[in-house]
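# A closer look at the structure
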Amino acid sequence: MKEKTILNVKDLSAAYEDAEVLSSVNLSLKKGEMLCIVGESGSGKSTLLRTVCGDAQIKVKNGCVIYGDRDITKLKSCERQKVLGTKIGYIQQNPWGAFNPLRPYSIQFRETLKSHKKKYDAEKIAELFSILGLKDPESILKSRPYEMSGGMNQRIAIAASFILGPELLLCDEITSALDVTTASAVTDELLKLKKETEVTIVMVTHNIGIAANIADRIAIMYKGQIVECGERDKIINAPEHEYTKRLLADVPQLEY
Amino acid sequence: MIRSVLKKLAEIIIILVVLSFFVFVLLYIAPGDPAEKRLTSQGIVVTKQVLDAERERLGLLKPFLVRYGEWLFSVIKGDFGVSFKDDMPVAPKLYKGLVNTCILAFSSLMLSLSLSFTLGVASAVKKDGIFDHIVRIFSFVANSLPNFLISVLLMYFFCIKLDIFPVIAAGDLQGLVMPVLSLAIPMTGRFTRQIRAEILNRMNEDYVTGMKGRGVKNRYIILNVVRNSLGHIFTIVALQIGTLMGGSVVIETIFRWPGIGKLVMDSISARDYPVIMGFVLIMGAIYVVVNSLSDVLDRTLDPRISE
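Everything numeric here is computed off the predicted structure, so don't read it as measured data.

On to the overall build of chain A, then. Within chain A, the secondary structure is distributed over 10 helices and 10 strands. For 256 residues, the compact-globule formula gives about 18 Å, and the C-alpha radius of gyration of chain A, at 18 Å, lands near that figure. Taken along its principal axes, the extent of the C-alpha atoms in chain A is 55 × 50 × 35 Å. In chain A, which comprises 256 residues, the share counted as buried stands at 43%.

What follows deals with the confidence of the model for chain B. Of the residues in chain B, 98% have a pLDDT of 70 or more, and the chain-wide mean is 86. Interface predicted TM-score (ipTM) for the complex: 0.87; the corresponding pTM is 0.82.

As a further point, take the packing of helix 5 (residues 90-125) of chain B against helix 11 (residues 260-269) of chain B. All names here are of chain B. Packing of helix 5 against helix 11 leaves a shortest axis separation of 7 Å and a crossing angle of 135 degrees. Taken together, the axes of helix 5 and helix 11 lie oblique to each other. For the pair helix 5 and helix 11, contact is made by K93, L94, G97, L98 and T101 and by I260, G261 and L263, respectively. When its residues are assigned to classes, the contact of helix 5 with helix 11 shows 4 nonpolar, 3 polar and 1 charged.

With that settled, consider the interface of chain B and chain A. Between chain B and chain A, the contact holds 15 residues from the first and 25 residues from the second. If one sorts the elements of the side of chain B that touches chain A by residue count, helix 9 (residues 206-213) of chain B sits on top with 6 residues. When its residues are assigned to classes, the side of chain B that touches chain A shows 3 nonpolar, 6 polar and 6 charged.

Glancing now at the environment of B:P146. Relative to the assigned elements, B:P146 resides in the loop between helix 6 (130-144) and helix 7 (147-161). Along the backbone, B:P146 and B:M187 are 41 residues apart, and their C-alpha atoms lie at a distance of 9.9 Å.

Moving on to the pairing of strand 2 (residues 19-30) of chain A. Residue and element names in this part refer to chain A. Sheet analysis places strand 1 (residues 5-16) next to strand 2, joined by 8 bridges and oriented antiparallel. Looking at the pairing, V9 lines up with L27 of strand 2. Linkage of strand 1 to strand 2, two consecutive antiparallel strands, is achieved through a turn of 2 residues, within which E17 is found at a positive phi near 45 degrees.

All names here are of chain A. Residue D11 is not a glycine yet carries a positive backbone phi of 50 degrees. Within the secondary structure layout, D11 lies in strand 1. For D11, a count of 11 C-beta atoms within 10 Å translates into the label exposed.

Before going further, it helps to spend a moment on the environment of A:R70. All names here are of chain A. Tracing the backbone shows R70 in strand 5 (residues 70-71). A tally of 13 C-beta atoms within 10 Å means that R70 is categorised as partly exposed. Sequence spacing of R70 and G151 is 81 residues, and the spatial spacing of their C-alpha atoms is 36 Å.

One full turn of an α-helix is made of 3.6 residues, so residues set three or four places apart face in the same direction. Taken together, the buried positions of helix 11 of chain B are occupied by B:I260, B:G261, B:K262, B:L263, B:V264 and B:S267. Where helix 11 of chain B ends, the next residue or the one after it, B:R271, has phi of about 50 degrees, a positive value.

This brings us to the sheet that holds strand 1 of chain A. Residue and element names in this part refer to chain A. Ordered in space as 2-1-4-5, the 4 strands form an open sheet in which the pairing is antiparallel. Of all the strands in the sheet, the pair left with one neighbour each is strand 2 and strand 5. Running at roughly 70 degrees to strand 4 (residues 58-67), helix 1 (residues 45-53) makes contact with strand 1, strand 2 and strand 4 of the sheet.

Residue and element names in this part refer to chain A. Pairing is mixed across the open sheet formed by 6 strands, whose spatial order is 6-7-8-3-9-10. Single-partner strands in this sheet number two, and they are strand 6 (88-91) and strand 10 (225-231). Between one strand axis and the next, the sheet turns through 15 degrees on average, direction left out of account. Pairing of strand 9 (residues 217-222) with strand 10, which is carried by 6 bridges, proceeds in the antiparallel orientation. Opposite I220, over in strand 10, you have E228 as the bridge partner. In the packing of helix 10 (residues 242-249) onto the sheet, the strands contacted are strand 3 (34-39), strand 9 and strand 10, and the crossing angle to strand 9 comes to about 105 degrees.

To continue, consider the environment of B:G231. Residue and element names in this part refer to chain B. Note that G231 resides in helix 10 (residues 218-255). Residue classification places G231 among the partly exposed residues on the basis of 19 C-beta atoms within 10 Å. The spatial distance from the C-alpha of G231 to the C-alpha of H133 is 26 Å, given a sequence separation of 98 residues. When near neighbours in sequence (up to four residues on either side) are disregarded, G231 contacts L297, D298, L301 and D302.

The next point concerns the packing of helix 6 (residues 150-162) of chain A against helix 7 (residues 180-197) of chain A. Residues and elements named next belong to chain A. At a minimum axis distance of 10 Å, the contact between helix 6 and helix 7 shows a crossing angle of 15 degrees. Accordingly, the angle class assigned to the pair helix 6 and helix 7 is roughly parallel. Seen along the crossing, helix 6 lies across helix 7 with a hand that is right-handed. Only T182, V186, E189, L190, L193 and T197 of helix 7 make contact with helix 6, whose side of the interface consists of G151, Q154, R155, I158 and F162. Counted by class, the contact of helix 6 with helix 7 contains 5 nonpolar, 4 polar and 2 charged residues.

Rules used in this analysis
Residues numbered from 1 in each chain as written. Chains lettered and ligands numbered in written order. Predicted model: local features only at pLDDT ≥ 70, side-chain atom pairs only at ≥ 80, totals over all residues. Helix = DSSP H or I, 4+ residues; strand = E, 2+ residues; numbered from the N terminus. Rg over C-alpha atoms; globule rule 2.2 N^0.38 Å. Buried ≥ 20, exposed ≤ 12 C-beta atoms within 10 Å, placed from the backbone. pLDDT = per-residue confidence, 0-100. Axes fitted to C-alpha atoms, helices over the stretch in contact; angles between N-to-C directions. Parallel < 35°, antiparallel > 145°, perpendicular 65-115°, else oblique. Contact = placed C-beta atoms within 7 Å. Nonpolar A, V, L, I, M, F, W, Y, C, P; charged D, E, K, R; others polar. Pairing = 2+ DSSP bridges. Left-handed = near helix turned anticlockwise from the far one by under 90°.

In structure tokens, the structure reads:
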């Protein structure tokens, strides 16, 4: 693994209108790693991802997010449109949130690809679908999102992100709306794709159990700050911050 | 499918029967005597004898329910009866008026839909920009002005001051412009506001964030949002059609456009019951059918809406 930094969040503070959600967040991402950001609801983990994507509702008060050699929080919307998807992918929690529920996937794949001047490649889509455990790509592409289950939709959303070949993929609690078995299947498939493409992934989750299974590094967020960040084994085995200790103590165990 | 069509048809028939009965009751208890109106307008000296004879001839002396039953049966047979005013059959009168009203209503609907669709979508996309502010002011003002006021203002400027258009619309193309504008301006204001609100509302849906996250171009996003809003926009338009036909009564009277609205105004002052009843029935049918069609269209566009 190369130790090249791909994304650098420096002293970032951001707010929705007046409510400050992120305060002085520092984070750097190495190329090819899998970073899990863990924290409770409202800790600012989703906001961090959305700030990187340039959500218009979030106002950056201070600091910057360096991608390549530019501060991507200051991109114009047309520049951002070119970066999002092809360089930085984003998948959100709601499995029905990636696509217009009423239009066939094939049209939406075409629109996605056309937006980046790429050709619609049915074979590549079929290949991605098969890695993601989606059978019969043709009939799936003809159908519409509202007809599909959450798990299927989330897999297709992952495929739609990977078809653009991003360097960095931001996943915002992508498994939390799915049932346990589907969630772990989707995570496994995502890891398989990661291995093939060497994409860097930031996965936001409130479940430290998932993070312990898949992450290279874990960052713990609490009240808008990253309170602890380090190698997975270190965070799991030797947590320093009180909140991390509490998180680990609260992981449910199976008891008979 | 066939079952739901039949169900809808039965529904329409029940609505129309109830509606016509209700209006028949209202006409029955309303003051004014058609026989007297007719005789006076013909310049005949009204005596009790003449009046009774005329009432007898028009069938006004029969009991209420018998009168309603006779009217209903003849309508079912396709006969709308003859006018109390001039003994001419009602159906051709209504047909001619309806054609003229449809020309007026359809032209103003098309004009205002194309305008408000463009303005509504554009101002939603450029929310809070200068264009959006201008559109919002325009739509607010246009929506607040009643159409009779607009028609009088238009008439004053374009027909009297500038003398470009005729004051009395003779049913030709040139005469159509002023009444169409009078109907279209307030409607455009209303539609623009509703379409803008609908598009803005749909812009907040999760899939828009998802598409932006993939860097999908804005025009595709707008296309998707507009496509999903169409069902709702059709419903707004369908609901407006009733108001449009009602509003055209006033406009047709002001510009003397020979439509069904003017016909019915004249018939009301002459207490010409068969024409009024025919008008109510036709308007009711149009309203119910258009709304049913918009329901069907809504469901076709968004199959998630269950039956």
